[in-house]
Structure formats: structure tokens, C-alpha cells
Amino acid sequence: MTEHAIIMRDVNKFYGAYHALVDVDLTVERGERIVICGPSGSGKSTLIRTINQLETIHSGTINVDGVELTAGGDNVAKVRQDVGMVFQSFNLFPHMTVLENCILAPMKTRKTPRAEAEQTARHYLERVKIPEQADKYPAQLSGGQQQRVAIARALCMKPRIMLFDEPTSALDPEMVKEVLDTMIDLAREGMTMLCVTHEMDFARAVADRVIFMDKGMIVEQGAPDVFFNNPQNERLKNFLGQIA
Amino acid sequence: MIREFSSADVLFIMSAARWTLILSAIAFLGGAIGGLSIALARTSHGKWLRRIAAWFIQVFQGTPLLMQLFLVYFGLAVVGLPINPLLAAAVALTLHASAYLGEIWRGAIEAVPSGQTEAATALALSYPDRMRHVVLPQALRIATAPTVGFLVQLIKGTSLASIIGFTELTRAGQIVNNATFKPFLVFGTVAAIYFILCWPLSLLARHMETRMRRAITR
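Given the structure is predicted, the values throughout are model-derived calculations rather than measurements.

Structural notes on the environment of E55 of chain A
Residue and element names in this part refer to chain A.
Item 1. The topology assignment puts E55 in the loop between α1 (44–51) and β4 (59–64).
Item 2. Under the relative-accessibility criterion, E55 is labelled buried at 13%.
Item 3. Placed 134 residues apart in sequence, E55 and E189 show a C-alpha to C-alpha distance of 29 Å.
Item 4. Ignoring anything within four residues of it in the chain, the contact list for E55 reads K13, Y15, T46, R49 and T50.
Item 5. In this structure the side chain of E55 is engaged in a polar contact, spanning 3.1 Å, whose partner is the side chain of R49.

The structure is reproduced here in C-alpha cells:
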């Protein structure tokens, strides 16, 4: 066991000629809650998507929970088992019930027996406060409920790190709170979290560190009170001015 | 000697329809296996796999089915295998169906939103599990109507096997017509049997298409 959850060193990523991540260095402690913000196209989604290798990188190293992602072998598969991800567009499997969505990966990847997987699934559905929806299909649920199912589905793999990629951006305003509350609960229980979000109230409430990205670079980072009350970088000041 | 068109002839034609169905079934099943392989190759990350599959589709979609039939039929003879019209027709139609089903299913796989694959990948599901449990079940729903539509084309396409001497529905019609010289009656009967085989499938395809459209707009 290393003491760091994630160590990224000199990570570079290109889309063709476009330099999406520029020499990114980032160390995340266990149990640390990080909020990443920045203008669109700044590389924040790309950054967290490299952690479970939904995006490959062109140079640099990423170490997740002591496993070197870039070392090949089945390291990527190993890391993905321990890293949960929640997407902006939920990405629930529409042809499966809520419960089936939750038990698929534990049964296939972790070889958990069905009964145990279902028990775990019901436990997490309870935690995200929708146990009664277990046998419904995703299309029968509201956006907020779907996103909470997506969180439960990720938790069923018992991950040590959770990645959130703009989890509330596709939601109607009245549903944002129920998803944020779920995330706050998770944060209070000590989950290591990286959240790409524009919800600055969430950042103030739970983040240990807020990171501002622009043009593929980490431009400024700090504890929320310093970050919001005393920003140094001009672009960050600009950005905070726009979203406030 | 020209004889009358009798009920025995109708029976002969109808029993030959059995071979049309058998040939269609073999080609469809073979084409389903081949088509799935082609579709998976076309959507894979392997550059060469994608290229070979694309080339296969282009060759078989870009040449007449009759030429494919001739090539297999006479090709078998050249490599020393006995000339067997059923085998030749089955092989040629299977290759033909593989190319078309491969292309239909490639489209269906690509129509499944990429977020589905991403979510499955993020959940550490392996490629076979992602395909089997997440992508293919959704692609299947999209592909069902065009697949049934293609099956209708395939059944009608088996009539070309008559040219290499395989006695299926069309060839049976030719044989009867040669003896009775009642082309309107004979080929009318043959066409009616094709219609009876294909029409319900066309209806089914249309029904599934409207249901599909409703499911999408829901």
C-alpha cells in the first residue's frame, strides 16, 4: 500500500495536433476530495479520463494505488476495478433493470455470486435512496434518479477512487441537489474523489483542494477558501467572475 | 412432346421450394456467423482487421451474386472438388450474406452510443463481456428490421442457384415449363410461392421498424 491514491507525472495527451494535456503533474492523497474546474476544452474531463485509461496518454506516467498504468500487462484492467466513474450522460444500460445494471460488473469482473452481488446492489441503492426502483428500467426514472443509480452501480464494484465527470451538468436544476447530496455523503465517508464540476458550492462544502485548468495545464490549485477568496491567476479570476 | 400442366407439377414445384428454404437457412445461418465476425472486425481497434473486413465487404457488395456463384461453382472444380451445386450455392450465398449482414450489423453496433462502451469499460468489463452484455443486445434491437429485410433479399437471391443447375424453386419451374410450355402458369405459380415465403417476412420487418421508431422517439 502506497500512501498516495494517484500520482501523475509529466502527462501529455494530444488529439491530432491539439495538445489536450500539457505536462500535467498531480498527486492525490488517499481520502482526498478534489474538484477540478475550468473553461470547456481546458482538459479537465480528459485529465480524469486518463486515470482509468478511457483516454490513453502519449507521454508521462500515471500510478493509481501503487499500480503503474503505463506499464502494460493487465494493469489497466486492475486499475479499472478499483476506480469508479460517473458520467455526465449517466450511461446506464437501457436494456437492463436498475438491479441488473448494478450486478453486471461485480458478477463478470469480480466473479461475485449473484446473490451476494444483488445484496450489495440493494445496499448501495438504499444508500443513494432509491431502493424501491431496483426492478425498473432506466428510462422509467428521472435524470436525478438515473444519476444516483449510476453512482450506486459504480460503488457496487467497491472502488477505492471515484471519478465524476460533470455529474450534474445534464440534470434539471431541481435534480442537481439530490445528486450533490449523494456525492457529499460519499465524501464524508472518506472516499477518494475527483470531481469535474461547475458546482462551486459543492467545492466549498467538501473539497480538500480545488484545481483550475486552462489550455491543458493545471494553472492554480489550493484549498477552497484560498482558491475562491484569493485567486492569483488572471484567467482564474476571470473564470470565477463569470460563474459566480 | 408437350404435356399438360398437372397437379403433379404443382407438387413437384412445391417440394422444390423446400430446397429454396434449406439453401436460405444455410446461407442465413452461415451469413450470421460470418456477418458477426465481419461486424466485430469492422468495429475493432485492430487496423488490419478493420481493413480486411472492409475489403471483404467491398468485394462482395461490389460484384454480382451470379459471378460469385460462378466463381465458387467452377472454382471448386478447378481445385479438384466434386461439382456439387448445393455446396457451391451454399458457400457463395454464405459469403454474400456475410458481407451484407456484416455491414448492417456494423452500422447497428456503431449506432449504440459510445457512452455505453465507455461505462462498460470503466466498470472493468472485458471486451467479450462488453460486447455480449452491453453493446450487442442494444445493436440487435436496431438491426432486427434490416436483418429481416435482408433475409427476404436472400430468399429471392437463392433463385440464382438455378443457373448452376441446383433444383430449387426456380429451377423446378424451368423444368416443368420445358415439358409443358405454360410459362405464365408455371412461373406464376413459382412467383406466388416466393411471394408466400417473403411477404410475411416483409410485413414483420415493417412492423419491427415502426416499433423501433416508436422506441427511439419515446
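Some thoughts on the confidence of the model for chain B
For any part of a model where pLDDT is low, the fine detail of the predicted coordinates should not be relied upon.
Residue and element names in this part refer to chain B.
Item 1. Across chain B, pLDDT averages 92, with 98% of residues at or above 70.
Item 2. Per-residue pLDDT, averaged within each element of chain B, yields its smallest value for helix α8 (residues 183–217) (87) and its largest for helix α5 (residues 114–122) (97).
Item 3. Our summary of model confidence lists the complex with pTM equal to 0.89 and ipTM equal to 0.93.

So, the packing of helix α1 (residues 7–42) of chain B against helix α2 (residues 47–61) of chain B
Residue and element names in this part refer to chain B.
Item 1. Where α1 meets α2, the closest approach of the two axes is 7 Å, and the angle between their N-to-C directions is 130 degrees. By the criterion of interaxial angle, the relationship of α1 to α2 is oblique. Handedness of the crossing formed by α1 with α2: left-handed. For the pair formed by α1 and α2, the contact residues are I38, A41 and R42 on the first element and L49, R50, A53, A54, F56 and I57 on the second.
Item 2. A per-class count over the contact of α1 with α2 returns seven nonpolar, no polar and two charged.

Details of the packing of helix α3 (residues 65–78) of chain B against helix α4 (residues 85–111) of chain B
Residue and element names in this part refer to chain B.
Item 1. For the pair α3 and α4, the least separation of the axes is 9 Å and the interaxial angle reads 135 degrees. On the basis of their axis angle, the class for α3 and α4 is oblique. Seen along the crossing, α3 lies across α4 with a hand that is right-handed. Packed against α3, whose contacting residues are L65, Q68, L69, V72, Y73 and L76, the element α4 presents P85, L87, A88, A89, V91, A92, L93 and H96 at the interface.
Item 2. Of the residues belonging to the contact of α3 with α4, the class tally is 12 nonpolar, two polar and no charged.

A few points about the environment of F228 of chain A
All names here are of chain A.
Item 1. Inspection of the secondary structure assignment puts F228 in helix α8 (residues 224–229).
Item 2. Using a relative accessible area of 11% as the deciding quantity, one classes F228 as buried.
Item 3. Separated by 77 residues in sequence, F228 and I151 place their C-alpha atoms 28 Å apart.
Item 4. When residues no more than four places from it in sequence are discounted, the contact partners of F228 are M200, A203, R204, V210 and L240.

Quick word on the sheet that holds strand β2 (residues 18–29) of chain A
Residue and element names in this part refer to chain A.
Item 1. Judged by pairing direction, the sheet is antiparallel, and its four strands sit side by side in the order β2-β1-β4-β5 without closing on themselves. Unpaired on one side and paired on the other, β2 and β5 (67–68) mark the two borders of the sheet.
Item 2. Strand direction decides the pairing type here: β4 and β5, joined by two bridges, are antiparallel. If you follow N63 over to β5, its bridge partner there is E68.

Considerations on the side chain of D65 of chain A
All names here are of chain A.
Item 1. Summarising the element assignment, D65 is placed in the loop between β4 and β5.
Item 2. With relative accessibility at 14%, the residue D65 sits in the buried group.
Item 3. In terms of polar contacts, D65 uses its side chain to reach the side chain of R160, at 2.9 Å.

Quick word on the side chain of T168 of chain A
All names here are of chain A.
Item 1. Along the chain, T168 turns up in the loop between β7 (161–165) and α6 (173–188).
Item 2. Exposure remark for T168: the relative accessible area of 5% places this residue in the buried category.
Item 3. Residues contacting T168, with those up to four places away along its chain left out, are V176, V179, L180, T197 and E199.

Digging into the nonpolar core
Across soluble globular proteins, nonpolar side chains have a tendency to be buried as a group.
Item 1. With 90 residues, the main nonpolar core has I6, I36, V64 and L194 of chain A together with I13 of chain B as its most contacted residues.
Item 2. Looking at this core element by element, the count peaks at 12 residues for helix α6 (residues 127–157) of chain B.
Item 3. Dropping the residues within four chain positions of it, V64 of chain A is found in contact with A5, I6, I51, L69, V79, V83 and I161 of chain A.
Item 4. Membership of the second largest hydrophobic core comes to 50 residues, among which are V98, Y124, V128 and M191 of chain A.

Rules of the game
Residues numbered from 1 in each chain as written. Chains lettered and ligands numbered in written order. Predicted model: local features only at pLDDT ≥ 70, side-chain atom pairs only at ≥ 80, totals over all residues. Heavy atoms only, no water. Helix = DSSP H or I, 4+ residues; strand = E, 2+ residues; numbered from the N terminus. Buried < 20%, exposed > 50% of the residue type's maximum accessible area, 1.4 Å probe, protein only. Contact = heavy atoms within 4.5 Å. Polar contact = N/O pair within 3.5 Å; in protein donor to acceptor, adjacent residues only side chain to side chain. pLDDT = per-residue confidence, 0-100. Axes fitted to C-alpha atoms, helices over the stretch in contact; angles between N-to-C directions. Parallel < 35°, antiparallel > 145°, perpendicular 65-115°, else oblique. Left-handed = near helix turned anticlockwise from the far one by under 90°. Nonpolar A, V, L, I, M, F, W, Y, C, P; charged D, E, K, R; others polar. Pairing = 2+ DSSP bridges. Core = buried A, V, L, I, M, F, W, Y, C linked by side-chain atoms within 4.5 Å.

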